[in-house]
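# Observations on the three-dimensional arrangement
Below are the chains, spelled out letter by letter.
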Amino acid sequence: MNQQQSIRFTAKEILEKDFKTSMRGYNPDEVDKFLDAVIQDYELFQRKVELLEQENAALKREVKKVSERTQRQAPAQTVGSTNYDILQRLSNLEKKVFGSKLYE
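- Within an unreviewed UniProt entry, the label attached to the protein reads Cell cycle protein GpsB, and the organism entered is Halalkalibacter alkalisediminis.
- One UniProt comment on the protein, placed under Subcellular location (unreviewed entry), says "Cytoplasm".
- UniProt, in the comment section headed Sequence similarities (unreviewed entry), describes the protein in these words: "Belongs to the GpsB family."

Right, dumping it as C-alpha cells:
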C-alpha cells in the first residue's frame with residue numbers, strides 16, 4: 001500500500017461538510033470533488049481492512065501452530081519435572097528415614 005495515501009476525512013468532517021449554494025442549489029463541481037475524495041477514502045479503508053484481515057488470519061494460523069507445538073511438548077515437560085519432583089521427595093525421605101549417615 002502506498003504510504004503517501006492517507007485518509008483525508010473523519011466521519012465528523014463528512015457529516016459537517018457544508019457546500020456553498022448557488023442560484024440552483026449546491027455547486028455540482030464542489031459536491032462531485034468531495035464525493036470523489038470520499039470514495040477514495042472508502043476504497044483505502046477497504047484495502048486496509050483486507051490487509052488487516054489477511055494479517056489476522058496469518059497470525060491466527062501461527063498461534064494455532066505454536067499452540068499445537070506447545071501441547072505436544074507440554075506432556076514431556078510435565079513428565080520430566082514430575083520425575084525430578086519424585087526423585088527429590090525420595091531423597092528427602094531417605095534422609096529422614098536413614099539419617100545423614102546415608103550420604104556421608
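On we go.
## A closer look at the overall build of the protein
- Summing up its helical and strand segments, the protein has 2 helices and 2 strands in all.
- Along the chain direction, N to C, the helices and strands of the protein fall in the order α-β-β-α.
- Counting only residues that meet the buried cut, the protein has 7% of its 104 residues in that class.
- For the protein, the share of sequence-separated contacts (at least 6 apart) that also reach a separation of at least 24 residues comes to 57%.
- Entry remark: accessible area of the protein is about 9600 Å², with carbon and sulfur atoms responsible for 55%.

## Describing the environment of Lys-20
- With respect to the secondary-structure elements, Lys-20 resides in the loop between helix H1 (11–16) and strand E1 (21–22).
- Leaving out residues up to four positions away in the same chain, Lys-20 has contacts with Gly-25, Tyr-26, Asn-27 and Glu-30.

## Quick look at the packing of aromatic side chains
- Taken as a whole, this structure holds 2 aromatic pairs when the rule is applied.
- Ring plane angle 65° and centroid distance 5.8 Å describe the contact between Tyr-42 and Phe-45, whose orientation is recorded as edge-to-face. Of this pair, Tyr-42 and Phe-45 are both found in helix H2 (residues 28–98), 3 residues apart, which corresponds to roughly one turn of the helix.

## Examining the UniProt feature "coiled-coil region" (unreviewed entry) in the protein
- Using the residue numbers shown here, the UniProt feature "coiled-coil region" (unreviewed entry) corresponds to residues 35–69.
- The span residues 35–69 is 100% helix and 0% strand, and its two end C-alpha atoms sit 51 Å from each other.

## Overview of the pattern of salt bridges
- The final tally for this structure, using the stated rule, is 1 salt bridge.
- Salt-bridge contacts for Glu-30 lead to Lys-17; the nearest nitrogen and oxygen are separated by 3.7 Å. Here Glu-30, found in helix H2, pairs with Lys-17, found in the loop between H1 and E1; they are 13 residues apart in sequence, far enough to count as distant.

## Structural notes on a positive patch on the surface
- Residues Arg-61, Lys-65, Arg-69 and Arg-72 make up a contiguous surface patch of positive charge.
- If you trace the backbone, Arg-61 turns up in helix H2.

## Some points on the side chain of Asp-41
- For Asp-41, the location among the structural elements is in helix H2.
- A distance of 3.3 Å separates a polar atom in the side chain of Asp-41 from the backbone nitrogen of Arg-8.
- Ignoring sequence-local partners within four residues, the contact set of Asp-41 consists of Ser-6, Ile-7, Arg-8 and Phe-9.

The rules behind the values
- Residues numbered from 1 in each chain as written.
- Predicted model: local features only at pLDDT ≥ 70, side-chain atom pairs only at ≥ 80, totals over all residues.
- Heavy atoms only, no water.
- UniProt positions renumbered as here; feature names shortened; annotations may be inferred.
- Helix = DSSP H or I, 4+ residues; strand = E, 2+ residues; numbered from the N terminus.
- Buried < 20%, exposed > 50% of the residue type's maximum accessible area, 1.4 Å probe, protein only.
- Contact = heavy atoms within 4.5 Å.
- Areas by Shrake-Rupley, 256 points an atom, 1.4 Å probe, with all protein chains shown as cover.
- Phe/Tyr/Trp six-rings, centres within 6.5 Å; stacked < 30°, edge-to-face > 60°.
- Salt bridge = Lys/Arg side-chain N within 4 Å of Asp/Glu carboxyl O.
- Patch = residues over 30% accessible without salt bridge, like charges linked within 9 Å, V, L, I, M, F, W, Y side chains within 5 Å.
- Lys, Arg positive; Asp, Glu negative; His and termini not counted.
- Charge placed at Lys NZ, Arg CZ, Asp CG, Glu CD.
- Polar contact = N/O pair within 3.5 Å; in protein donor to acceptor, adjacent residues only side chain to side chain.

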